[in-house]
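Chain residues, written in single-letter form:
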Amino acid sequence: MEYPLISEYREAILSAEDNFNELSSLRPVLDSNGNPVMSSGNFAVVFKMRDEKDGKLYAVKCFIKEQEGRNESYRKIADELDGISSSYLVSMRYIENELFVDTAQCECEEFPVVLMEWVDGEPLDAYLKRNIDDRYELEMLSYRFNRMAAWLLTQPFAHGDLKPDNILVREAGSLVLVDYDGMFVPSMKGELAREVGSPDYRHPSRTDKDLNERIDDFSIAVIALSLKAISLKPELRGTSTTDTLLFTERDFCDPSSSVMLKEIQTLIANKELSLLLGTFLIAIAQNSLELLSFKTFVTEKPEKSQIVEIDKVDTSVTKEDIENGIKDEFGVIYSKDGKRLLKCRRELELLNYNIKDGTIIICDSAFDNHLFLKSVSIPSSVTTIGAGAFECCRSLQNINLPDSVKTLGHNPFARCELLHLSVAEKSSYTFIDGLLIDSKGLLVSCLNHSSMISIPSSVRTIGICAFEDCSSLESVSISSSVTTIGNCAFMDCSSLESVSISSSVTTIGDCAFGGCTSLQSMNIPPSVTTIGDVAFCGCLSLQSVNIPSSVTTIGDSAFYSCLSLQSVNIPSSVTTIGNFAFYSCLSLQSVNIPSSVTTIGSSAFADCKSLKSIILHDSLRVDEKNVFPSNCKIIRRK
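What counts, and at which threshold
- Residues numbered from 1 in each chain as written.
- Predicted model: local features only at pLDDT ≥ 70, side-chain atom pairs only at ≥ 80, totals over all residues.
- Heavy atoms only, no water.
- Axes fitted to C-alpha atoms, helices over the stretch in contact; angles between N-to-C directions.
- Helix = DSSP H or I, 4+ residues; strand = E, 2+ residues; numbered from the N terminus.
- Parallel < 35°, antiparallel > 145°, perpendicular 65-115°, else oblique.
- Left-handed = near helix turned anticlockwise from the far one by under 90°.
- Contact = heavy atoms within 4.5 Å.
- Nonpolar A, V, L, I, M, F, W, Y, C, P; charged D, E, K, R; others polar.
- Pairing = 2+ DSSP bridges.
- Salt bridge = Lys/Arg side-chain N within 4 Å of Asp/Glu carboxyl O.
- Buried < 20%, exposed > 50% of the residue type's maximum accessible area, 1.4 Å probe, protein only.
- Phe/Tyr/Trp six-rings, centres within 6.5 Å; stacked < 30°, edge-to-face > 60°.
- Lys NZ or Arg CZ within 6 Å of the ring centre and 35° of its normal.

A. Broad picture of the packing of helix α5 (residues 135-152) against helix α6 (residues 217-232). Orientation of α5 relative to α6, taken along the N-to-C sense of each, is 160 degrees, at an axis distance of 8 Å. Considered as vectors, α5 and α6 are oriented roughly antiparallel to each other. Of the two possible hands of crossing, α5 and α6 adopt the one that is left-handed. Contact with α5, carried on its side by R135, L138, E139, L141, S142, F145, N146, A149 and L152, involves I220, I223, A224, L227, K228, I230, S231 and L232 of α6 and no other residues of that element. For the contact of α5 with α6, the class distribution of residues is 11 nonpolar, three polar and three charged.

And the structure:
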């Protein structure tokens, strides 16, 4: 059976009152641009809906691809869940022939939907990332997952695709399971599974013949061990080379060679972790936790008073701070308690300066643009150096980073061309080939002034502004260990011509390559889903760019003023093109906008004077005069 396109479902949902049968009181929730709030995957698209009768929110899932046996499976799952009351699950209904869709894909006009409660929550992995510096929240997340695991192990059904994406954390911290496509319920006994779970969370021997109440056991063991290990040692999350919590499929296939397992074994003194590690090893050997009691996961609730919080240090400086500060004999301003160095004014004719002992924080931009400073002595009392603290100190030659420093802000040594940086032996930071890298794999700052740089395998993230204005850099090779290119990472690298990005990179941040005026081509790897705002803005020499089919969003002003860009092929995965995305691309002559695109922002192609015609899908609604140049012919096709 063929199913409608996402764009066709969108049009049907916009007129929900006319196109739903039983659910005619539902209305789509719209975003700020007047488009339905929606998300899509391989087999379905989900719309956020509000019931006009009582104001309740729902998720309506509509299918875009056929899966054998799906209809009957959903009926069985809905019947099973109808008799279960649990905060870990949401109610669902499968409704045949519910939504009328005017589609050119097949002769059918009415299609099934799945109706579920809408859950306001954050995926577990996103919640973990946001709270990585909060030890109490990490402990509580581990505790809450273990409680849910204990409950799941006693049930006659299984979720079937247990992974962080399918576990939402509500505002109050409670957990709820979503996406029941791969679920097992007792009435399915003897059937083959339609899905076998995600490779990094399933047992390596699992096949479609494994469809029973035990298919979650291995995933439970993996996630439980990962969360507990991260709560004890958060930096483990930074050493993971993928988007998984800690482990990959490779660790399960050959656990004796797993570097991550060796790291976790160093924490075995913790009783809970020791127990969960044993559970994990049993799950690998047995592909089941049938030998264990669910009570294994009934762990003790953490007490906040017993957990030492990781300090969240404020390195910013206000005008009031300066006015109330105290100047030392050289004119350098400190806070009244002497713990924060606020500002060394650039006009002070200091050649060498010893920061006062007892100083804990060197604040943001404390020494920026100082004309005369050649050396600075940092005492062992300092734990934090703020963003851009020594930026543009072009005469600065010597700094020793003591091992007391645990936190560095964004690129504190930017544009210090003469600086020789030395790092204490027991420091949290390493200095490799002119690159300053922290223990979590964050590349903080580049002091390498060569024309060619290879990012070492110890780097996981290229930090904010890490290479900003490295004017001598012509070529950079980014290793397969890197997953994130941060905001402004290579901004204003005016000589940069060549960038090799590995397929491990999933995120290209805002303004990541903005102002790289010599960059001529860019091959974005198929792992990237979002091109950030202003990502390639002002890349005047950029002639070609490969946008892979993994990308769903092209951010605001992403290719603003790329004067040499001649053609762009936008893949059918893209749903959103941001405001001013291709504004003033004067050489742009052709662009393909697929039917998947539901939103084109204001002035997205304005001032593209060479763009004479463009083909749009008939269902796409845009303010043509505002989005495209006045001389551009708009051709509509179904």
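So, next bit.
B. Highlighting the sheet that holds strand β22 (residues 442-446). Taken together, 10 strands build an open sheet; the order of strands is β20-β21-β22-β24-β26-β28-β30-β32-β34-β36 and the sheet is mixed. Here the strands that pair on one side only, and so sit at the sheet edges, are β20 (429-432) and β36 (599-600). Here strand β24 (residues 461-462) runs beside strand β26 (residues 484-485); their pairing, made up of two bridges, is parallel. Counted as the bridge partner of I462 is I485 from β26.

C. Looking closely at the pattern of salt bridges. Applying the stated criterion across every chain, the model contains 26 salt bridges. R415 is paired through a salt bridge with E468; the nearest N and O atoms lie 3.0 Å apart. Of this pair, R415 sits in the loop between β18 (407-408) and β19 (420-423) while E468 sits in the loop between β24 and β25 (475-478), and the two are 53 residues apart along the sequence. The same class applies to R415 as to E468, namely buried. When the shortest N-O distance is used, the salt bridge between R636 and E624 registers 3.0 Å. Of the two residues, R636 sits in strand β38 (residues 633-637) while E624 sits in helix α12 (residues 624-627), which places them 12 residues apart along the sequence. Under the relative-accessibility criterion, R636 is labelled partly exposed at 29%.

D. Looking closely at the packing of aromatic side chains. As enumerated under the stated definition, the model contains 25 aromatic pairs in all. When the centroid spacing of 5.7 Å and the interplanar angle of 5 degrees are considered together, the rings of Y74 and Y94 count as stacked. Here the residue Y74 occupies a position in helix α3 (residues 70-81), and Y94 occupies one in strand β5 (residues 92-100), the gap between them amounting to 20 residues. Across the pair, exposure class does not vary: Y74 and Y94 are buried alike. Taking 5.7 Å as the distance between ring centres and 15 degrees as the angle between the ring planes, the aromatic pair formed by F390 and F413 counts as stacked. Here F390, found in the loop between β16 (384-385) and β17 (398-401), pairs with F413, found in the loop between β18 and β19; they are 23 residues apart in sequence, far enough to count as distant. With respect to burial, F390 and F413 carry one shared label: buried. The ring of F63 has R70 sitting right over it, with the charged end atom 3.9 Å from the ring centre.

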